[in-house]
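Listed below are the residues making up each chain.
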Amino acid sequence: MNNRCATINKILPFSCVDGPGNRLVLFLQGCNLRCLNCHNPYTMALCNHCGDCVITCPYSALSINDDKVSWQADLCQQCDTCLQTCTINASPMTYQYNIEQTLNIIEKHRIFLTGITVSGGEATQQLPFIKALFTAIKQHPLLQHLTCFIDSNGYLSQTGWYKILDVMDGAMIDLKAWSPERSRVLTGKNNQQVLETISLLATYNKLYEVRLLYIPEQTDYLEYIDPLSKLLISLPKRVRIKINAFQTHGVTGSADQWQSAKKQQIDTFAEQLMKRGVNNIHLPSIYL
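Q: I'm lost on the packing of aromatic side chains in this one. Help?
A: Two descriptors summarise a pair of aromatic rings, namely the distance from one centre to the other and the angle between the planes of the rings. Under the counting rule described, the total for this entry stands at 8 aromatic pairs. One residue, Lys 10, lies across the ring of Phe 27, its end atom 4.9 Å from the ring centre.

This is how it looks when you write it as structure tokens:
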């Protein structure tokens, strides 16, 4: 059994919004973007074991052992003081699971599952673990029926995608802006790699969904509605186009003052796409 480990922020045993059917979701720690609108900013970085959070924890759930921050889940009250203390957007409340341990968790829930999804943070930052896990699932007599999906920001190189194409069943990719300039403002990077990822996964029939997060006065989808529509129309008809509505819950910094997306704005965006021939559009079921 491959003993490769991953740093995992959270495991969600059942989800119906992270791919088709009912899925177990692994949220891996660490991300290669710094999105202003991130709803889980504490998943961005890996803990550098500076120890600042240890002295602020009101329940003594954190300590320093062998120069590393250690978290005791049984003492933790989930007050998030450590997250508010951290200056690099990391969390000390993570788990180290190897392949065998992860398979055991999946196996406990297998009769209820359609598949598993690795998310984040940015899951592909821990690509060797994903490849080893998906390979093990495909070879496991009790789990090989499960589909293996990746929820990604699309910044993995084509070389990286080629390493896992044969063991993954699908991916959901975020297209956070159309122009490279707007993408750089929102995420810290341009989006050329994302567009290449979408094209590559579509070519190999691995693209399940393209996600568009509509942020009033921030995203540039409507400004570039024609080239955006052209791209979406070029994708296989089965690819879902998921429009998400930005809300401020969980965000920090300047994005906390941004406008939340209203139903009318999302409907208008969807109508503009449909007028240009984009189909298989999926809208938010609720607006907070």
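Q: I tried to follow the sheet that holds strand S6 (residues 115-119) on my own but got confused; where do I start?
A: Two strands in a sheet stick together by hydrogen bonds in their backbones, pointing the same way (parallel) or opposite ways (antiparallel). A sheet is described by the order of its strands in space; here 9 strands give the open sequence S5-S1-S2-S6-S7-S8-S9-S10-S11, paired in mixed fashion. Pairing within the sheet leaves two strands with one partner each, and these edge strands are strand S5 (95-98) and strand S11 (281-282). Here strand S1 (residues 5-15) pairs with S5 via 4 bridges, running antiparallel. Looking at S5, one finds that Cys 5 is bridged to Asn 98. Sheet strands in contact with helix H9 (residues 263-275) are strand S9 (207-214), strand S10 (240-245) and S11, and its direction is about 155° off that of S10.

Q: Sorry, what's going on with H9 here?
A: An α-helical turn contains 3.6 residues, so any two residues separated by three or four positions project in the same direction. Its 13 residues give H9 an end-to-end C-alpha distance of 18 Å, which sits within 8% of 18 Å, the value for a rise of 1.5 Å per residue. Within H9 the residues assigned to the buried category are Ile 266, Phe 269, Ala 270 and Leu 273. The buried residues of H9 all sit within an arc of 95° when viewed along its axis, so they share a single face. In H9, the exposed positions angled more than 90 degrees off the buried face are occupied by Gln 264 and Lys 275. Gly 277, located one to two residues past H9, shows a positive phi value of around 95°.

Q: Where do I start with the nonpolar core in this structure?
A: Soluble globular proteins tend to pack their nonpolar side chains together in the buried interior. Counting residues in hydrophobic clusters, the biggest one holds 68 residues, and the most contacted among them are Leu 133, Phe 134, Val 210, Leu 212 and Leu 273. Looking at this core element by element, the count peaks at 8 residues for helix H4 (residues 127-139). Not counting residues within four places of it along the chain, the set of residues in contact with Val 210 comprises Ile 173, Leu 175, Ile 198, Leu 232, Leu 235, Val 239, Arg 240, Ile 241 and Lys 242. One finds Val 54, Cys 57, Cys 82 and Leu 83 within the second-largest nonpolar core, a separate group that totals 11 residues.

Q: Would you mind going over unusual backbone geometry with me for this structure?
A: Peptide bonds are, in most cases, trans, and in most cases residues other than glycine have a negative phi. Backbone torsion omega between Gly 120 and Gly 121 reads 15°, so that peptide bond is classified as cis. Considering the arrangement of structural elements, one finds Gly 121 in the loop between S6 and H4. The phi angle at Ser 60 is positive, at roughly 55°, despite the residue not being glycine. Summarising the element assignment, Ser 60 is placed in the loop between helix H1 (52-56) and strand S3 (62-65). Positive phi outside glycine occurs at Asp 80, with the angle close to 65°. Mapping Asp 80 onto the fold places it in the loop between strand S4 (68-71) and helix H2 (81-85).

Definitions and limits used
- Residues numbered from 1 in each chain as written.
- Predicted model: local features only at pLDDT ≥ 70, side-chain atom pairs only at ≥ 80, totals over all residues.
- Heavy atoms only, no water.
- Phe/Tyr/Trp six-rings, centres within 6.5 Å; stacked < 30°, edge-to-face > 60°.
- Lys NZ or Arg CZ within 6 Å of the ring centre and 35° of its normal.
- Pairing = 2+ DSSP bridges.
- Helix = DSSP H or I, 4+ residues; strand = E, 2+ residues; numbered from the N terminus.
- Contact = heavy atoms within 4.5 Å.
- Axes fitted to C-alpha atoms, helices over the stretch in contact; angles between N-to-C directions.
- Expected span 1.5 Å × (residues − 1).
- Buried < 20%, exposed > 50% of the residue type's maximum accessible area, 1.4 Å probe, protein only.
- Arc of directions from axis to C-beta.
- Core = buried A, V, L, I, M, F, W, Y, C linked by side-chain atoms within 4.5 Å.

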